[in-house]
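Survey of secondary and tertiary structure
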Amino acid sequence: MNLVISITLSLLLALLAFYKKALTNNALFLAFIFSIIITFFGGISSLLILAMVFILTLIASKIKQDKRNKINANILKKHEKKDTMEIIANVATGTLILIIYGLTNNSLLKVVYASIMAESIADSLASDIGILSKKDPINILTFKRSTPGLSGNTSLLGIFASFIGSLIIALIYFIFTPNIMHLIIITLSGTIGNLIDSFLGATLQVKYQCPKCNIITEQETHCNNKTKRIKGYKILDNDIINLITNIIAGLISYIMLTI
């Protein structure tokens, strides 16, 4: 797509994000740059996929926001505006894939891009919607009830939300490139990727325990005390796990496309 048009369309999306105060200033700038690249190499369909990921994330974050914030305040390391690392974790891999597509003109890479973005929204919806389940989630490894909001947990509501999010992204791709097999691959890649995200969250992602209230959290400080690492690797926080899962979702889709 023409660079001027890419910048113009990306600016409109950035203005929406700025108006909604969804990103920090640095994250907004980085998202704007990624959007230009995505639109320039991937065209309007790729921009619409990116925009839908943002819009669905925004909508989901507003549903019963007070309840979600109350839970996340004790669990998540970050639970307000998205920062630079979150943008890198959820958009950088897809952006890189479209750059490679622009250089190689391998049309399969647009399916891979859509699959990666499907996983990004699947993970967001599984977290934001799943946390509202009336029943406590289960740990994906032990199948025992666990603390809402903690990485590694899953629920039927969360899985359903992740499937719907993946399907929406697949349908946007399908509108521009009608291919039933690609629609299925994108939907499956996003949904399976989200389950892998939960598995990695339960096995490798770092978790801490507060010495005062004993809550298990992803925060390094809680109740004004330094928390103790009880599981996982310190470098593998939620952002890094999301980045890894984006890559895995892309690999899953590429394998399904080429077998």
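Look up a bit, the structure's there.
Summary of the structure given here. Just so you know, the residues in each chain are numbered from 1, in the order the chain's sequence is written. At least 70 in pLDDT is required for a residue's local features to be given in this predicted model, at least 80 for side-chain atom pairs to be given and counted, and no such filter applies to totals for whole chains, interfaces and linings, which use all residues. Excluding hydrogens and water, the side-chain values take into account all heavy atoms of the structure.

Here we take up helix H8 (residues 238-258). For the purposes of this entry, the term helix denotes a DSSP run of H or I that reaches at least four residues, the term strand denotes a run of E that reaches at least two, and both are numbered from the N terminus. To estimate the expected span of a helix, subtract one from its residue number and multiply by 1.5 Å. Compared with the 30 Å implied by 1.5 Å per residue over 21 residues, the 30 Å span of H8 between its first and last C-alpha is a close match. When a residue's accessible area, from a 1.4 Å probe over protein chains only, is under 20% of the maximum for its type it is buried; when over 50% it is exposed; and in between it is partly exposed. Where H8 is concerned, the buried positions are Asp 239, Ile 241, Asn 242, Thr 245, Asn 246, Ala 249, Gly 250, Ile 252, Ser 253 and Leu 257.

Here the focus is the sheet that holds strand E3 (residues 207-209). Strand order across the open sheet formed by 3 strands is E4-E3-E7, with antiparallel pairing between neighbours. In the strand order of this sheet, the two ends are held by strand E4 (216-217) and strand E7 (228-231), each with one partner. A pair of strands is considered paired only if DSSP assigns at least 2 bridges between the two. Here 3 bridges tie E3 to E7, and the two strands are oriented antiparallel to one another. If you follow Lys 207 over to E7, its bridge partner there is Lys 231.

Tracing the chain through its elements places Ser 146 in the loop between strand E1 (138-139) and strand E2 (153-154). What makes two residues a contact is simply this: any of their non-hydrogen atoms within 4.5 Å. The residues touching Ser 146, leaving out its near neighbours within four places in the chain, are Asp 136, Pro 137, Ile 138, Asn 139 and Asn 153.

Taking 1.5 Å of rise per residue, the 17 residues of helix H1 (residues 3-19) would be expected to cover 24 Å, and the 24 Å separating its terminal C-alpha atoms lies within 8% of that figure. Of the residues making up H1, those classed as buried are Ser 6, Ser 10, Leu 13, Ala 14 and Ala 17. Looking straight down H1, one finds its buried side chains confined to an arc of 105°; they lie on one side. Seen from the buried face of H1, the exposed residues on the opposite side, beyond 90 degrees, are Val 4, Leu 12, Phe 18 and Tyr 19. Packing partners of the buried residues in H1 comprise helix H2 (25-62). What the arc covers is the set of directions going from the helix axis to the C-beta atoms.

Let's shift gears to the packing of aromatic side chains. Only Phe, Tyr and Trp rings take part, Trp by its six-membered ring, and two of them pair if their centres are within 6.5 Å. Stacked means planes under 30 degrees apart, edge-to-face means over 60, and tilted covers everything else. Scanning all chains against the criterion turns up 1 aromatic pair. Measuring from centroid to centroid gives 5.1 Å for Phe 40 and Phe 41, while their planes differ by 80°, and the two rings are edge-to-face. The exposure class of Phe 41 is partly exposed, given its relative accessible area of 26%.

Here we come to the nonpolar core. Counting 46 residues, the largest nonpolar core has Leu 23, Ile 49, Leu 50, Ile 87, Tyr 113, Ile 169 and Ile 186 as its most contacted members. At the level of secondary structure, the elements contributing two or more residues to this core comprise H1, H2, helix H4 (84-104), helix H5 (108-130), helix H6 (156-176) and helix H7 (180-203). Excluding anything up to four places from it in sequence, Ile 87 contacts Leu 23, Ala 27, Leu 30, Ala 31, Phe 34 and Ala 92. Here, nonpolar core refers to any group of buried Ala, Val, Leu, Ile, Met, Phe, Trp, Tyr and Cys residues whose side-chain atoms link them within 4.5 Å.

The next thing to look at is unusual backbone geometry. Unusually for a residue other than glycine, Asn 214 sits at a positive phi of about 70°. Considering the arrangement of structural elements, one finds Asn 214 in the loop between E3 and E4.

Another point: a nonpolar patch on the surface. A surface patch of nonpolar side chains, amounting to about 530 Å² of accessible area, comprises Met 1, Ile 5, Ile 44, Leu 48, Ile 175 and Phe 176. Broken down by secondary-structure element, the contributors of at least two residues to the nonpolar patch are H2 and H6. Patches in this entry comprise residues that are over 30% relatively accessible and not in a salt bridge; like charges within 9 Å are linked, as are nonpolar side chains (Val, Leu, Ile, Met, Phe, Trp, Tyr) within 5 Å. We get accessible surface area from the Shrake-Rupley algorithm with a probe of 1.4 Å; when it comes to residues, only the shown protein chains can shield them. For this analysis, a salt bridge means a side-chain nitrogen from Lys or Arg found within 4 Å of a carboxyl oxygen belonging to Asp or Glu.

Further remarks concern the side chain of Asn 246. With respect to the helices and strands, the residue Asn 246 is situated in helix H8. A relative accessible area of 0% means that Asn 246 is categorised as buried. In this structure the side chain of Asn 246 is engaged in a polar contact, spanning 3.2 Å, whose partner is the side chain of Ser 120. N or O atoms closer than or at 3.5 Å make up a polar contact, with two conditions inside protein: a donor-capable atom paired with an acceptor-capable one, and, for residues adjacent in sequence, both atoms drawn from side chains.

Just geometry here; none of it tells us what the structure is for.
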